[in-house]
Every structure is written in structure tokens, then in C-alpha cells.
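Fold and geometry: a report
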Amino acid sequence: NKIIRITSYTSASLDKKKEMVRSFALGQSAYHKNRKSVLEKENKRNSRIKTACIILFAGVILYHTVNEFSLNGMLHFNFKNVLNNSSEKPSILFELSFLLYIFIPATLARFEAVKYLNDWERLITQSTYMYEFFTATSNKVNAAADDKELYSLLIELNDNMYLENLDWEMFMINKNETIS
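Because the structure is predicted, anything quoted here is derived from the model rather than measured. (Residues numbered from 1 in each chain as written. Predicted model: local features only at pLDDT ≥ 70, side-chain atom pairs only at ≥ 80, totals over all residues. Heavy atoms only, no water.)

**As for helix 5 (residues 92-118)**
A rise of 1.5 Å per residue sets the reference length of helix 5, with its 27 residues, at 39 Å; its end C-alpha atoms lie 38 Å apart and thus fit the reference within 8%. For helix 5, the set of buried residues is Ser-97, Leu-100, Ile-104, Thr-107, Phe-111 and Lys-115. Asp-119 lies just past helix 5 and shows a positive phi near 50 degrees. (Helix = DSSP H or I, 4+ residues; strand = E, 2+ residues; numbered from the N terminus. Expected span 1.5 Å × (residues − 1). Buried < 20%, exposed > 50% of the residue type's maximum accessible area, 1.4 Å probe, protein only.)

**Re the nonpolar core**
Phe-134, Leu-150, Leu-154 and Leu-157 are the most contacted members of the largest nonpolar core, which totals 14 residues. Secondary structure elements with two or more residues in this core: helix 1 (2-8), helix 2 (14-68), helix 6 (120-140) and helix 7 (147-179). Counting residues per element, this core draws most heavily on helix 7, at five residues. Residues contacting Phe-134, with those up to four places away along its chain left out, are Phe-24, Ala-25, Gln-28, Ser-29, His-32, Leu-157 and Met-161. Within the second largest apolar cluster, five residues are counted, among which are Leu-39, Trp-120, Ile-124 and Phe-171. (Core = buried A, V, L, I, M, F, W, Y, C linked by side-chain atoms within 4.5 Å. Contact = heavy atoms within 4.5 Å.)

**Some remarks on the packing of helix 2 against helix 5**
The geometry of helix 2 relative to helix 5 is characterised by a closest axis approach of 9 Å and an angle of 155 degrees between their N-to-C directions. Here helix 5 runs roughly antiparallel to helix 2, going by the angle between their axes. Of the two possible hands of crossing, helix 2 and helix 5 adopt the one that is left-handed. Of the residues contributing to the contact of helix 2 with helix 5, the split by class is 18 nonpolar, four polar and four charged. (Axes fitted to C-alpha atoms, helices over the stretch in contact; angles between N-to-C directions. Parallel < 35°, antiparallel > 145°, perpendicular 65-115°, else oblique. Left-handed = near helix turned anticlockwise from the far one by under 90°. Nonpolar A, V, L, I, M, F, W, Y, C, P; charged D, E, K, R; others polar.)

**Comments concerning the pattern of salt bridges**
Enumeration according to the criterion identifies eight salt bridges in this entry. Note that Lys-17 and Asp-147 form a salt bridge whose closest N and O atoms lie 3.3 Å from each other. Here Asp-147 lies in helix 7 and Lys-17 lies in helix 2, a separation of 130 residues in the sequence. On the basis of relative accessibility, which here comes to 41%, the residue Asp-147 falls in the partly exposed class. Overlapping salt bridges bring together Asp-119, Arg-122 and Asp-167 as one network. (Salt bridge = Lys/Arg side-chain N within 4 Å of Asp/Glu carboxyl O.)

**Here we look at the layout of surface pockets**
Size it by volume and the second largest pocket reaches roughly 160 Å³. In this structure, the second largest pocket is lined by Gln-28, Tyr-31, His-32, Arg-35, Gln-126, Phe-134, Met-161, Glu-164, Asn-165 and Trp-168. Of all elements in the fold, only helix 2, helix 6 and helix 7 reach the threshold of two or more residues within the lining of the second largest pocket. (1 Å grid on protein atoms, 1.4 Å probe; cavity = no way out; pocket = protein on both sides within 12 Å on 5 of 7 lines; lining within 4 Å. Points joined across faces, edges and corners; volume = space filled by probe spheres on them.)

**A short note on the environment of Ser-97**
Summarising the element assignment, Ser-97 is placed in helix 5. When near neighbours in sequence (up to four residues on either side) are disregarded, Ser-97 contacts Val-60, Tyr-63 and His-64.

**Re a nonpolar patch on the surface**
A cluster of nonpolar side chains, namely Tyr-162, Leu-163, Leu-166, Met-170 and Ile-173, defines an oily patch on the protein surface of about 470 Å² accessible area. Counting through the fold element by element, Met-170 comes out in helix 7. (Patch = residues over 30% accessible without salt bridge, like charges linked within 9 Å, V, L, I, M, F, W, Y side chains within 5 Å. Areas by Shrake-Rupley, 256 points an atom, 1.4 Å probe, with all protein chains shown as cover.)

**A short note on the environment of Phe-103**
For Phe-103, the position within the fold is in helix 5. We classify Phe-103 as partly exposed; its relative accessible area is 49%. Sequence separation between Phe-103 and Cys-53 is 50 residues; the distance between their C-alpha atoms is 9.5 Å.

Next up, the structure:
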């Protein structure tokens, strides 16, 4: 890892090395905080759209229930009448509601697929963890009394970053396999 080489194998003073590590950790912390915010915003937007689709679909079903199966209509309901073409032209609202029968479930499925393909909840959890880890690491840097303690902190930093990158790589591989 580049940060280990820069700080451990240079002749810079301990304070200079600490400052480099602290700066790196704070930069990564800010990145993950911003990433979490963006992912949460996208996840909430997706959730609102799905909720609106469900409510709209329930409204369409209610509309058809009231219009097609009114009390008089249910008493004299004949399935042949549903299949026969009527001489009356249906209203625009009626035609639009049939279009919504097709459009809303497809839209709902699309946004549900986007949620799982992007795996927002997992990425939000990961960014939260990494934000907290980098913030804690930047605070621990001050406590390092010598190069050996700083190196130990850098190894921990490197291990966490390695696991995060490995997780990201596996996510991308699985995502690509799912899509293709």
C-alpha cells in the first residue's frame, strides 16, 4: 500500500508521518461520509417511487372495481359481456387506467431490480463502517508514540482497505454475472 511506503520507509519525522496518515484517514472518512449520503438519497428516492407506484396501482384497481363491478353490475354480471366488444367507446380515464395496469407493475419491477442490482443497503452499511473506521484511525494517530506503533496502525488501516476493496471487487463481479 502506498500510504505505508510513504510513511514507513521515509526519513520524515514522526510528526510529519502522523500528519500524512491523519490527512489520508480524514480524506477517506470524508469520502465515505459523502458516499453514504449519496447512496441514502438514491435509496430513499427509489423507495418513494415504489411506494407511489403501489398507491397508484391500488387506485387503478379501486377505480376498476367501482366502475366495472358496481352493485348492479355484479348482480347481472356476465363474462361474455366482458369479452364482447361494446359499441360504446370507453372513456379516456378508463383507457388510461388499462395502460396503467401494464405500466405500473413494470415500473415497480424496474425500481425493485435497481435496488438489488445496486445493493444500496449493503453499500450504505459498508460506507458507514469505513467512515467510522477512518475517523477513529485519524484520532488514534495522535496516540502513536513511535514508528512501530504508527506502522501497526497502518497495517490495520491497510487490512481494512484491502477487505473493502475485495468486497467491492466481488460485488462488481457478482453484479456483472447477474446482468449478463
